[in-house]
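# Close look at the chain arrangement
Next come the chains, spelled out residue by residue.
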Amino acid sequence: MSAPSAESRPPRSEGLVVALTKAGRTKIRYPAELVRDDGTRVTVQAPWAAPGARDFGFVRFEPGDVFTEHYWRDRWFAVKEVRTGDGELKGWYCDITRPAVLADGVLAVEDLDLDLWVSADGSSVLRLDEDEFEASGLAARDPEAAGSAARALDELERLARTEGLTGLLG
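Since we're looking at a predicted model, the values are computed, not measured.

## Remarks on the nonpolar core
Within soluble globular proteins, side chains that are nonpolar tend to cluster in buried spots. Membership of the largest hydrophobic core comes to 24 residues, with the highest contact counts inside it found for F77, V79, I96, L116, L156, L165 and L168. Listed by contribution, the elements that provide at least two residues to this core are β7 (77-83), β8 (89-97), β10 (106-119), α3 (143-161) and α4 (166-169). Of all the elements, α3 adds the most residues to this core, at 8 residues. The residues contacting L168, other than those within four sequence positions of it, are R41, W72, R75, F77, V79, L156 and L159. By size, the runner-up hydrophobic cluster in this structure holds 14 residues, among which are V18, Y30, V42 and V109.

If you want it as structure tokens, here you go:
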């Protein structure tokens, strides 16, 4: 009997660490499972990594929630699909970031303060933390990066309000 071909075997799950930095400091590091890496987009899955629950008012993240996170090597954002442990879609939390870098089992991502929340039904699209972005001084330190970040937020908001984010993630 011959061994199954590579095409017929299920893909092997690989672990990695997501390292999110902000203003040069580590914000959070957490283990994740690599779902797919097509050379441009890296998709990982991880449980809610912070201790306890966090209530933002428009959504509550809590133990048991599962995040399917999409990072790009050529785009200035990450899109995180958030589901309950039972699989119910809560929505998408989008971070404006520098393009991601995956090396030596670490997915490095630099958070640039701006965020976007899109509810599961698409009826709520919220731009978040624009005051933090302004206060960060990025526009003075790195105007090119600040411009890329602002354009990325505008692009995600436009997609969320028109065709939705699922086409981007498919």
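Still more to cover.
## Some words on the pattern of salt bridges
In this structure the tally under the stated criterion is 15 salt bridges. Across the salt bridge formed by D142 and R98, the nearest N and O atoms sit 3.1 Å from each other. Of this pair, D142 sits in the loop between α2 (138-141) and α3 while R98 sits in the loop between β8 and β9 (101-103), and the two are 44 residues apart along the sequence. Owing to a relative accessible area of 25%, D142 belongs among the partly exposed residues under this scheme. Under the relative-accessibility criterion, R98 is labelled partly exposed at 23%. Taken together, the salt bridges that share partners define one network made up of R127, E130, D154, E157 and R161.

The rules we used
Residues numbered from 1 in each chain as written. Predicted model: local features only at pLDDT ≥ 70, side-chain atom pairs only at ≥ 80, totals over all residues. Heavy atoms only, no water. Core = buried A, V, L, I, M, F, W, Y, C linked by side-chain atoms within 4.5 Å. Buried < 20%, exposed > 50% of the residue type's maximum accessible area, 1.4 Å probe, protein only. Helix = DSSP H or I, 4+ residues; strand = E, 2+ residues; numbered from the N terminus. Contact = heavy atoms within 4.5 Å. Salt bridge = Lys/Arg side-chain N within 4 Å of Asp/Glu carboxyl O.

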